[in-house]
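Observations on chain architecture
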Amino acid sequence: MSNHSVKQVNSAVNEIYSHDLPRTPVDAEFLASQEGKIKVSMIALVGCWGCTLSFLDMDERILNLLDKVTILRSSLTDVKRIPDRCVVGFVEGGVASEENIETLEHYRENCDILISVGACAVWGGVPSMRNLLPLSECLEEAYINSPTAVSGVIPIIPNHPDLTKVTTKVYPCHEVVKMDYFIPGCPPDGDAIFKVLDDLVNGRPVDLPTSINRYD
Ligand code: SF4
């Protein structure tokens with residue numbers, strides 16, 4: 001392959017993101033059945049996906065909501081863009097990279113109500129422990145001094161232009177865009193996520209009882 005064609009291939013690869021990949025065609029009958037429902041999406045930024053598991057802890061109760069709700073995106077597929085405007089967007093994780101900022105801004109622009117789910121989204125959580133040290137020290141510890149660095153290989157800090165730039169600090173979501181509600185906990189109970197969604201879907205003011213509001 002000539003240098004020219006290598007460059008063309010690389011440039012094409014660089015421009016494709018997961019949300020740009022062709023979508024699997026959705027069955028027309030299914031699409032029609034979702035018309036008029038409240039659109040909901042969820043995305044994971046920097047966290048451990050424990051909050052996504054709490055989302056699943058709503059268990060069969062979510063089935064009762066599916067008459068009124070359709071889920072466009074979930075962190076299980078991790079596609080970073082939502083195809084249509086949503087009424088409710090749930091966000092797990094804090095903001096630790098330029099790509100996180102772009103994704104969160106996209107959610108803010110495309111969701112009427114945006115909700116921080118879990119300690120990482122609400123105040124930075126575990127990932128924000130790195131805020132106590134300069135970023136350069138954290139990267140050196142992770143890539144140069146790490147006991148898991150492969151022996152015999154010259155260690156480097158990755159800096160390929162295709163990699164997203166890491167932000168100097170980890171930020172809670174509300175320091176980047178306006179967030180409408182906060183569900184604390186690490187992770188929050190599935191009961192808490194269900195209660196907030198159920199209130200919103202049924203037009204009630206959001207009321208999270210202390211009994212299911214966790215701060216650990
Ligand atoms: S809040 Fe806890 S469970 Fe949720 S993503 Fe962060 S570390 Fe994981």
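Below: a short report on this structure. Fair warning: this is a prediction, and the values are worked out from it, not measured in the lab. (Residues numbered from 1 in each chain as written. Predicted model: local features only at pLDDT ≥ 70, side-chain atom pairs only at ≥ 80, totals over all residues.)

1. A short note on the overall build of the protein chain
Counting its secondary structure elements, the protein chain contains eight helices and seven strands. Over its C-alpha atoms, taken along the principal directions, the protein chain stretches across nearly 60 × 45 × 30 Å. In the protein chain, buried positions account for 27% of the 216 residues. Long-range contacts, defined as pairs at least 24 residues apart, comprise 79% of the intrachain contacts of the protein chain with a sequence gap of at least 6. (Helix = DSSP H or I, 4+ residues; strand = E, 2+ residues; numbered from the N terminus. Buried ≥ 20, exposed ≤ 12 C-beta atoms within 10 Å, placed from the backbone. Contact = placed C-beta atoms within 7 Å.)

2. Here we look at the pairing of strand β3 (residues 86–92)
In terms of burial, β3 is largely enclosed, as six of its seven residues are buried. In terms of strand pairing, strand β1 (residues 38–44) meets β3 through five bridges, oriented parallel. Considered in β3, the bridge of V40 is made with V88. (Pairing = 2+ DSSP bridges.)

3. Some words on the environment of T103
Among the structural elements, T103 can be located in helix α5 (residues 98–110). Sequence spacing of T103 and L45 is 58 residues, and the spatial spacing of their C-alpha atoms is 8.2 Å. Dropping the residues within four chain positions of it, T103 is found in contact with I43, L45 and K80.

4. Some thoughts on the site of the ligand
Taken together, 13 residues sit near the ligand, with G47, G50, G118, C120 and C186 positioned nearest. Those elements that place two or more of their residues in the shell around the ligand are α3 (50–56) and α6 (119–123). Its residues assigned to classes, the shell around the ligand shows seven nonpolar, five polar and one charged. (Near = placed C-beta within 6 Å. Nonpolar A, V, L, I, M, F, W, Y, C, P; charged D, E, K, R; others polar.)

5. Section: the environment of G94
Mapped onto the elements of the fold, G94 is located in the loop between β3 and β4 (95–97). Look past the residues within four positions of G94 in its chain and what remains in contact with it is L45, V46, G47, C120, A121, G124, G125, P127, S128, V170, Y171 and P172.

6. Observations concerning α5
Between its first and last C-alpha, α5 extends 18 Å over 13 residues, near the 18 Å set by a 1.5 Å rise per residue. Three or more residues of α5 are buried, namely N100, T103, L104 and Y107. The buried residues of α5 occupy an angular sector of 95 degrees when projected down its axis, which confines them to one face. Summarising the geometry of α5, the exposed residues directed more than 90 degrees from the buried face are E98, E105 and E109. Close packing links the buried residues of α5 with β1, β3, β4 and β5 (111–117). (Expected span 1.5 Å × (residues − 1). Arc of directions from axis to C-beta.)

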